[in-house]
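Fold and geometry: a report
What follows is the residue order along each chain.
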Amino acid sequence: MDILGQILWFLMFTTPLLIVPLVWKYSKYSKAVRIIIGLVLAILLSLLLYFSSLAIIFRDGMGS
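Parameters and conventions
Residues numbered from 1 in each chain as written. Predicted model: local features only at pLDDT ≥ 70, side-chain atom pairs only at ≥ 80, totals over all residues. Heavy atoms only, no water. Helix = DSSP H or I, 4+ residues; strand = E, 2+ residues; numbered from the N terminus. Rg over C-alpha atoms; globule rule 2.2 N^0.38 Å. Contact = heavy atoms within 4.5 Å. Axes fitted to C-alpha atoms, helices over the stretch in contact; angles between N-to-C directions. Parallel < 35°, antiparallel > 145°, perpendicular 65-115°, else oblique. Nonpolar A, V, L, I, M, F, W, Y, C, P; charged D, E, K, R; others polar. Buried < 20%, exposed > 50% of the residue type's maximum accessible area, 1.4 Å probe, protein only. Polar contact = N/O pair within 3.5 Å; in protein donor to acceptor, adjacent residues only side chain to side chain.

This brings us to the overall build of the chain. Along the chain, the regular secondary structure elements total two helices and zero strands. Against the compact-globule benchmark of 11 Å for 64 residues, the chain has a radius of gyration of 15 Å, which places it well outside the compact range. When its C-alpha atoms are laid out on the principal axes, the chain stretches across 50 × 15 × 10 Å. The contacts of the chain with a sequence gap of at least 6 include a subset with a gap of at least 24, amounting to 67%.

Printed below as a string of structure tokens:
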């Protein structure tokens with residue numbers, strides 16, 4: 001289970017690198033709106049992964 005927490009932790013850092021180009025490619029809005037939408041989605045997904053990884057890592061004490 002700790003391995004899953006570590007995977008989510010590292011995915012948190014790569015999320016903006018994946019989400020922003022995907023929104024840029026598939027969105028039909030202006031450039032500024034595409035960037036804002038991509039950054040907001042990346043931040044939300046990063047926060048979700050952050051809290052999920054912390055919940056997994058510290059569920060019974062770190063390393064237990």
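From this point, the discussion proceeds with the structure in view.
Helix 2 (residues 31-57) packs onto helix 1 (residues 2-26) with a crossing angle of 175° between their chain directions and a minimal axis gap of 8 Å. Viewed along their axes, helix 1 and helix 2 adopt a mutual orientation that is roughly antiparallel. Classifying every residue of the contact of helix 1 with helix 2 by side-chain character gives 21 nonpolar, six polar and three charged.

Tracing the backbone through its elements, the reader meets Thr 15 in helix 1. Relative accessible area serves as the criterion here: at 5%, Thr 15 is assigned to the buried category. Separated by 2.7 Å, the side chain of Thr 15 and the backbone oxygen of Leu 11 make a polar contact. Excluding residues within four positions of it along the chain, Thr 15 makes contact with Ala 42, Leu 45, Ser 46 and Leu 49.

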